[in-house]
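# Summary of the model geometry
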Amino acid sequence: MTVHSPSPRSFTRPIRVLLADDHELVRDGIRARLQKVADLEVVGEATNGREALTLAHDLRPDVLLMDVSMPVMNGLEAATQMRKLLPEIAVLILSVYDNPEYVRGVVQAGARGYILKDISAAEMITAITSVASGGYYFSSAVGPTLVGAGTSAPVEDPYGLTDRERQVLTAIAKGQPNKEVAKELGISVRTVESHRLNLREKVGNKNAAQLYKVAQDLGLLD
């Protein structure tokens, strides 16, 4: 099952990709694939999740293409931290496993996609482009596993909200004041106010009740 959402983000430069895999041979193969594509640029390589977080902070790639099973910090842990610290970076998980636990964990961790290591170069490029543009991508081979795991595909977002804007929208829908949201997300009150303005521009100048409905439609509320 391949899942796409609208792609509000367009690029006038190559999409910057950070690779994270503890096997050098795998990284070499992926890099060789991506270097053949003019619209993609490999900006760095990590051998574990912790190193991936450090490099992501320094290099600010558009996409982190990351293995699940790595030493020091695995891909799921790194994806969870990435969503908290650098939500603007799209995480795409690459794995040899298609079992329900991994797939469900990936979705819960906030990764935007899950692809298997035996996919074609064309599908890998499509996956990277999709998540970089704000969409989701799950390999077709993972489809039955995703359904079997009881995990729903991510809800499509017609507004093109960033992960941070979705977090702020969720907080607004729950009636949290700016100061509380800022403390919870580890950002300034002024930044929260800026996100609120961006939200209203993207979804329309809606009142609190309408914003609650938007958050509900996007699957952001329990």
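One can find the structure itself at the top, above this paragraph.
Here is a short report on the structure shown in this document. (Residues numbered from 1 in each chain as written. Predicted model: local features only at pLDDT ≥ 70, side-chain atom pairs only at ≥ 80, totals over all residues. Heavy atoms only, no water.)

### What to know about the overall build of the chain
Per the secondary structure count, the chain includes ten helices and six strands. Relative to its 222 residues, the chain shows a buried fraction of 46%. Counting contacts in the chain only where the partners sit at least 6 residues apart, residues at least 24 apart contribute 68% of the total. By element, 50% of the accessible surface of the chain is carried by carbon and sulfur atoms, the whole surface being about 10800 Å². (Helix = DSSP H or I, 4+ residues; strand = E, 2+ residues; numbered from the N terminus. Buried < 20%, exposed > 50% of the residue type's maximum accessible area, 1.4 Å probe, protein only. Contact = heavy atoms within 4.5 Å. Areas by Shrake-Rupley, 256 points an atom, 1.4 Å probe, with all protein chains shown as cover.)

### What about the packing of aromatic side chains?
Enumeration over the complete set of coordinates arrives at zero aromatic pairs. R112 extends its terminal NZ or CZ atom over the ring of Y136, reaching a point 4.3 Å from the ring centre. (Phe/Tyr/Trp six-rings, centres within 6.5 Å; stacked < 30°, edge-to-face > 60°. Lys NZ or Arg CZ within 6 Å of the ring centre and 35° of its normal.)

### Things to note about the nonpolar core
With 47 residues, the main nonpolar core has L64, L65, M66, I115, M124 and I128 as its most contacted residues. The contact partners of I115, leaving out residues within four places of it in the chain, are L65, L92, I93, L94, S95, M124, A127, Y137 and S139. (Core = buried A, V, L, I, M, F, W, Y, C linked by side-chain atoms within 4.5 Å.)

### Examining the pattern of salt bridges
Tallying each qualifying case throughout the model produces eight salt bridges. Between E165 and K202 there is a salt bridge; the shortest N-O distance is 2.8 Å. One end of the pair, E165, is in helix α7 (residues 163-173); the other, K202, is in helix α9 (residues 189-203), with 37 residues separating them in the sequence. Residue E165 is classed as buried on the basis of its relative accessible area, which comes to 4%. What makes K202 partly exposed here is its relative accessible area of 35%. A single salt-bridge network, built from bridges that share partners, covers R27, D28, R31 and E45. (Salt bridge = Lys/Arg side-chain N within 4 Å of Asp/Glu carboxyl O.)

### Thoughts on unusual backbone geometry
Phi is positive for R60, which is not a glycine, with a value near 50°. The phi dihedral of V72 falls on the positive side, at around 70°, and the residue is not glycine. Here V72 lies in the loop between β3 (63-67) and α3 (75-85).

### Section: helix α8 (residues 178-185)
By the burial criterion, the buried members of α8 are V181, A182 and L185. Around the axis of α8, the buried residues are gathered within 100° of arc, so they sit on the same side. Among the exposed residues of α8, those oriented more than 90 degrees off its buried face are K179, K183 and E184. Packing partners of the buried residues in α8 comprise α7 and α9. Following α8 by one or two positions, G186 adopts a phi angle in the positive range, close to 70°. (Arc of directions from axis to C-beta.)

### Description of the packing of α7 against α9
To describe two helices that pack against each other, one gives the angle between their axes and the distance between the axes. Contact geometry for α7 and α9: axes closest at 10 Å, N-to-C directions at 95°. Taken together, the axis directions place α7 and α9 in an arrangement best described as roughly perpendicular. Touching R164, E165, V168, L169 and I172 of α7 are H195, R196, N198, L199 and K202, all from α9. Here the residues of the contact of α7 with α9 sort into four nonpolar, two polar and four charged. (Axes fitted to C-alpha atoms, helices over the stretch in contact; angles between N-to-C directions. Parallel < 35°, antiparallel > 145°, perpendicular 65-115°, else oblique. Nonpolar A, V, L, I, M, F, W, Y, C, P; charged D, E, K, R; others polar.)

### Here we look at the pairing of strand β5 (residues 113-116)
Residues G113 and I115 of β5 are buried on one face, and the alternating residues Y114 and L116, pointing to the opposite face, are buried as well. In this structure, strand β4 (residues 90-95) lies alongside β5, joined through four bridges in parallel fashion. Bridging from a neighbouring strand, L94 pairs with I115 of β5. Note: β5 against strand β6 (residues 137-138), two bridges, orientation parallel. Looking at the pairing, G113 lines up with Y137 of β6. (Pairing = 2+ DSSP bridges.)

### Quick notes on the packing of helix α2 (residues 49-59) against α3
As a packed pair, α2 and α3 sit with axes 9 Å apart at the nearest point and diverge in direction by 25°. With respect to each other, α2 and α3 are oriented roughly parallel. Crossing handedness for the pair α2 and α3: right-handed. Along the contact surface, α2 presents G49, A52, L53 and A56, while α3 presents A78, Q81 and M82. Residues of the contact of α2 with α3, tallied by class, amount to five nonpolar, two polar and no charged. (Left-handed = near helix turned anticlockwise from the far one by under 90°.)

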